[in-house]
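Structural characterization, general
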Amino acid sequence: MAFSNNGQGQFDADGVPRPGYLARMYWAVIGAVLAIILLYRLVSKLIEVLKRGKFAGALVSVSSATNILRHAVSCPSPSSKLVHGASGIFSPLPLGRALLAIGYMCLMVAFALYRLKWGSSRLLEKAGYRLAWLTITQLPLLSILSAKRLNVVAIVSGNSSSYNINYMHRWVARAILMTATMHMYFMLRYYTSFNFLTYQLKNDIITRRGFGAWCVLAPTVLIFSIRGFRKYFFEIFYHFHVICAIVFFAAAYKHMPNYAHIYLYIAVGIWAADVLVRFLELLFFNVSRNGFKYRANITASESNEIIVMEIPMKGFSSLSNWYAGQYYTISCPSVEFLSFHPFTPASLSEDNMLRFIIRVKTGFTKKLYTKVIKGDNQGHSYDNGNLEMNSSAQSILSRSCTLPIIICGPYGPSQCYSSYNTIVTITSGVGTGYGFSTIRESLKYSGQSQRNHRMLIILKSAKHLLAYENDICGIISKIHSEGHEKRQLRDRVQIDVYCADGTTLSDGSEKESIWSSINFYTGKPASFQHWVGNSMGIPQEVNTRTALYVCGSSLLCSQIKNDVIHLNLKHSGLTAEYHVHTQNFFI
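So, here's what we can say about the structure. (Residues numbered from 1 in each chain as written. Predicted model: local features only at pLDDT ≥ 70, side-chain atom pairs only at ≥ 80, totals over all residues. Heavy atoms only, no water.)

Once that is clear, we can look at the packing of helix H10 (residues 205–222) against helix H12 (residues 234–255). Across the interface, H10 lies against H12 with an axial gap of 8 Å and an inter-helix angle of 155°. Between H10 and H12, the angle is such that the two are roughly antiparallel. At the point where H10 passes H12, the crossing takes the left-handed sense. The segment H10 lies against H12, with Ile-206, Arg-209, Gly-210, Ala-213, Val-216, Leu-217 and Thr-220 engaging Phe-240, His-241, Cys-244, Val-247, Phe-248, Ala-251, Ala-252, Lys-254 and His-255. (Axes fitted to C-alpha atoms, helices over the stretch in contact; angles between N-to-C directions. Helix = DSSP H or I, 4+ residues; strand = E, 2+ residues; numbered from the N terminus. Parallel < 35°, antiparallel > 145°, perpendicular 65-115°, else oblique. Left-handed = near helix turned anticlockwise from the far one by under 90°. Contact = heavy atoms within 4.5 Å.)

Moving on: the pattern of salt bridges. Summed over the entire model, instances satisfying the criterion amount to 7 salt bridges. Where Arg-149 meets Glu-281, a salt bridge forms, and the shortest distance between an N and an O atom there is 3.0 Å. Of this pair, Arg-149 sits in the loop between helix H6 (139–146) and helix H7 (152–157) while Glu-281 is found in helix H13 (residues 261–286), placing the two residues 132 residues apart along the sequence. Here Asp-274 and Arg-278 are joined by a salt bridge, their closest N and O atoms 3.0 Å apart. With Asp-274 and Arg-278 both in helix H13 and 4 residues apart, this pair spans about one turn of that helix. The partly exposed category is assigned to Arg-278, whose relative accessible area is 25%. Three or more residues joined by partner-sharing salt bridges are found here, namely Glu-350, Asp-351, Arg-355, Arg-440 and Asp-471. (Salt bridge = Lys/Arg side-chain N within 4 Å of Asp/Glu carboxyl O. Buried < 20%, exposed > 50% of the residue type's maximum accessible area, 1.4 Å probe, protein only.)

Bringing unusual backbone geometry into the picture now. Phi angles above zero are rare outside glycine, and Asn-195 is one such case at about 50°. If you trace the backbone, Asn-195 turns up in the loop between helix H8 (162–192) and helix H9 (197–203). Since its relative accessible area comes to 75%, Asn-195 is described here as exposed. Positive phi outside glycine occurs at Asn-352, with the angle close to 55°. Along the chain, the position of Asn-352 falls in the loop between strand S6 (341–343) and strand S7 (353–359).

What follows is about the sheet that holds strand S15 (residues 577–584). Read from one edge to the other, the open sheet built from 6 strands follows the order S13-S12-S11-S10-S14-S15, with strand pairing classed as parallel. Whereas interior strands pair on both sides, the edge strands pair on one side only; in this sheet they are strand S13 (518–522) and S15. Strand-to-strand, the axes of this sheet are offset by a mean angle of 15°, without reference to chain direction. As paired strands, strand S10 (residues 422–428) and strand S14 (residues 545–552) are joined by 6 bridges and run parallel to one another. Bridge pairing in S14 links Thr-422 to Thr-546. (Pairing = 2+ DSSP bridges.)

Given below as structure tokens:
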């Protein structure tokens, strides 16, 4: 099969645009969309600057009027457990992301149908060639969205969240599958129209290669990339995904004519350049003449299956400068060689230490936990500790060891705290580290302003909070350094902890100021909406600016988003502004 002259010129004799021209039109649209996003970011930055001047009142009113609409489009999704499922596998798309996915699919359908002559005798052939070009031209965008360091879309849009980028990457892959399937359908119909299909499949190697490429693409997108498979078999998915991508690109290369290879070259070049940049970064920051530069002190508890990983950061480099909410990819060669996994630090750059609170699940975390607990001839020190709890005293045996580590990062966006007078965090499980680091980061920029902070933490047991004792001490010492009395701690930072088992931490004499500053409750909040409303000052306060950060399951993130929208719709007369940022446990 060949594309003949379909890639030459712009229009054929019937005035129908040639497929090669449609491919260039596609990139013109993508470029225009990115330009609009960049313009929107620049205008938003300008408005932020002008708000501090004499136009502040008018701009705040205009911004508040569009605030509800903007979040209504980008945030809500059904939050029912019946919809999400017990583990969040069947979580529906938020409205904004659903509109983005539908819009992109409609764009591809519009390109496929644009000025297509339905009564033409060569309809099937022309439609098949056109859809082939549309499939090929999307490959560079697929590679761009898979990149970490050379992701133009993330740089221009300012949205480098792995959750959002992976979401767009998956939907572009689904669009590629859609156009590839339509291409195969029209070409098979074309060969069937003159009883040539059997001969073509038996004798034409190009046709068989194309069919083989589709057979690799279809199960990768439809089966192995679904949320349930990625959630429970992520390591299998990742390695299988890479292998299938290589096989697909190789089969597509053999299937395409030479003059269509340019898009494949660009896609492979982007992927290779990104891998090369990250590999050089890995060597430069992690490898020295004496071996690996960084060693992690890893502590694991036998009872709560939580791993605390601490990596001292010596010297100054891009690795030692990160912001709250960003993440690193970590590899432990003695556990899994060159297998990288993302984790969010629970510490800040000023601590001169990367500290990760890791929940033990399956795969890498389970192997690491087993290695630390059993020792495996690698342990350097083992410590026993007693954690006192008012419900039932129990001893928790913890073990620690030191292992060489490879780290890459940081990745993800940094947040701006200076524009808000109220910072609210809602976290669950190991996402608690993200909440504490966000509060600590905000306190660094508080200056003389009386910024309020509210934290809602949901845990299975209060003993999990002991891993964040240093963070709580850091918050207290920061407030005390600003000249505030101890009694004012609750006014500046309110911490509400809900424990499923009803336990609370007993106060020792040396820790009384720590645990007494925290409000312990049993179960979960009766109403997230009520708690969020009180934290945001709705409806009592007006002209306030609140930033709300959520880290937890997709069900929790969805519910908080919807609650914020409902609050603003209910009290639409307020001129309060708010920003909502969520981070899911699973991408």
